[in-house]
Amino acid sequence: MINLILFGPPGSGKGTQAAKLVEKYNLLHISTGDLFRYEMGNNTPLGLEAKSYIEKGQLVPDSVTIGMLKNKVDANPDVAGYIFDGFPRTINQAEALDNLLAEKDLAVDKLLSLKVEDEEIVKRILHRGKTSGRADDNDAEIIQNRINVYKQETSPVFDYYNKSGKSMLIEGMGDIDEIFGRLDAEVSAI
C-alpha cells in the first residue's frame with residue numbers, strides 16, 4: 001500500500017497531479033475540501049458539526065476533520081493506497097494522521113511537495129479563476145495572502161516529515177507531463 005501526502009501551495013498543481021497518480025497507481029484521492037463538501041452536503045453528524053463552526057466564522061477543529069478522514073479511509077479499505085491533498089496543514093494534524101494510519105498498521109510513505117514560484121502560482125490561479133467560480137481565485141492580493149499563509153502555517157509539516165526522510169521537494173514548474181514524470185519517479189521508488 002502506498003500512502004502519499006501531496007503538498008504545495010495553492011495553485012501548485014496538486015489536484016491535476018493527484019488525478020494522474022490515482023489513475024496510474026489506483027490510489028484513493030482524499031481532498032479535505034471534497035470531504036467537507038460531502039459531509040456538509042449530506043448533513044452527516046460530522047458535516048453538521050463542521051457547518052456549525054463555519055457558520056460562526058470559526059475554524060473546524062482537527063478532531064472533526066480527522067473524523068471525516070477516518071470515515072473515508074474506513075469506507076475504502078481495498079484501495080492500493082491514499083493520496084492526502086490539503087491535509088495535514090499543521091504539525092498537530094500530521095501527528096493525528098500518523099496515529100490514524102498507525103491504527104491500521106500503515107504510515108505515510110512520502111510527502112511530495114510541489115515547488116512553484118509565487119508569480120507562477122498567482123498566474124495559474126488567476127487563470128483558474130476564469131472558470132472556477134471562486135471569488136478568491138480572481139484577486140491577486142488574496143492569492144498572495146493564501147501563499148503567505150501556506151508558507152507560515154503549513155510548510156512546517158514538510159520539516160516534520162523530513163525528520164524521518166519522507167519529504168521530497170519536486171520541481172513543479174514545466175508542463176503537466178514533465179511534473180508527473182518527476183512525481184512518478186519518486187512514487188515508483190517506494
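Check the entry above for the structure.
Along each chain, numbering runs from 1 in the same order as the chain's sequence is written. Only residues with pLDDT of at least 70 get local features here, since the model is predicted, and only at 80 or more are side-chain atom pairs given and counted; chain-wide, interface and lining totals rely on the full set of residues. The basis for every side-chain value is the complete set of heavy atoms in the structure, and neither hydrogens nor water enter the calculation.

## Observations concerning the packing of aromatic side chains
Okay, so step 1: Note on aromatic pairs: the rings of Phe, Tyr and Trp (six-membered ring only in Trp) are paired at centre separations within 6.5 Å, and the planes decide the class, stacked below 30 degrees, edge-to-face beyond 60, tilted for the rest. Inspection of every chain in the model, using the stated rule, returns 3 aromatic pairs.
Okay, so step 2: Plain terms: the ring middles of Tyr-82 and Phe-84 are 6.0 Å apart, the flat faces sit at 35° to each other, and that makes the pair tilted.
Okay, so step 3: Look at Tyr-82 and you get buried, because its relative accessible area is 2%.
Okay, so step 4: Criterion for a charge above a ring: Lys NZ or Arg CZ within 6 Å of the ring centre, and within 35 degrees of the ring normal. The lysine or arginine in question, Lys-20, covers the ring of Phe-180, its NZ or CZ lying 5.2 Å from the ring centre.
Okay, so step 5: The residue whose ring lies beneath Lys-56 is Tyr-53, and the NZ or CZ to ring-centre distance is 5.9 Å. In this scheme, a residue with accessible area under 20% of its type's maximum is buried, one over 50% is exposed, and one in between is partly exposed, where area comes from a 1.4 Å probe on protein chains only.

## What to know about the nonpolar core
Okay, so step 1: Within this scheme, the nonpolar core is defined by two criteria: the residues are buried Ala, Val, Leu, Ile, Met, Phe, Trp, Tyr or Cys, and they are joined through side-chain atoms within 4.5 Å. Core analysis: the biggest nonpolar cluster contains 29 residues, and Ile-5, Ile-30, Leu-69, Phe-84, Leu-97 and Tyr-161 have the highest contact counts within it.
Okay, so step 2: The secondary structure listing takes helices from DSSP runs of H or I that are at least 4 residues long and strands from runs of E that are at least 2 residues long, numbered from the N terminus. Of all the secondary-structure elements, those providing two or more residues to this core are strand E1 (2-7), strand E2 (28-31), helix H2 (32-41), helix H3 (45-55), helix H4 (62-74), strand E3 (81-85), helix H5 (91-102) and helix H8 (156-162).
Okay, so step 3: The element contributing the most residues to this core is H4, with 5 residues.
Okay, so step 4: Throughout, a residue-residue contact means that at least one pair of heavy atoms, one from each residue, lies within 4.5 Å. Setting aside its immediate chain neighbours within four residues, Tyr-161 contacts Ile-5, Pro-88, Ala-94, Leu-97, Asp-98, Val-108, Leu-111, Lys-166 and Ser-167.

## Some words on unusual backbone geometry
Okay, so step 1: Phi at Asn-43 is positive, roughly 50°, even though this residue is not glycine.
Okay, so step 2: Turning to its location among the elements, Asn-43 is positioned in the loop between H2 and H3.
Okay, so step 3: Phi angles above zero are rare outside glycine, and Asp-105 is one such case at about 55°.
Okay, so step 4: By relative accessible area, which is 73% here, Asp-105 ends up exposed.

## Let's talk about the environment of Asn-3
Okay, so step 1: Structurally, Asn-3 can be placed in strand E1.
Okay, so step 2: Residue classification places Asn-3 among the buried residues on the basis of a relative accessible area of 1%.
Okay, so step 3: Distance from Asn-3 to Leu-101, taken between C-alpha atoms, is 9.1 Å for residues 98 residues apart in sequence.
Okay, so step 4: If we skip the residues at most four places from it in the chain, Asn-3 touches Gly-81, Tyr-82, Leu-106, Ala-107, Val-108, Asp-109 and Lys-110.

## Re the sheet that holds strand E4 (residues 110-115)
Okay, so step 1: Here a strand pair is declared whenever DSSP counts at least two bridges between the two strands. Strand order in the open sheet formed by 5 strands is E2-E3-E1-E4-E5, with parallel pairing between adjacent strands. Single-partner strands in this sheet number two, and they are E2 and strand E5 (167-171). Geometrically, the sheet is characterised by an average inter-axis angle of 25° between neighbouring strands, direction not taken into account.
Okay, so step 2: Two elements, E1 and E3, share 5 bridges in a ladder whose sense is parallel. Considered in E3, the bridge of Leu-6 is made with Asp-85.
Okay, so step 3: Axes here refer to lines fitted to C-alpha atoms; in helices the fit is confined to the stretch in contact. Angles between the N-to-C directions go from 0 to 180 degrees. Where H4 meets the sheet, it contacts E2 and E3, and its direction lies at approximately 165° from that of E2.

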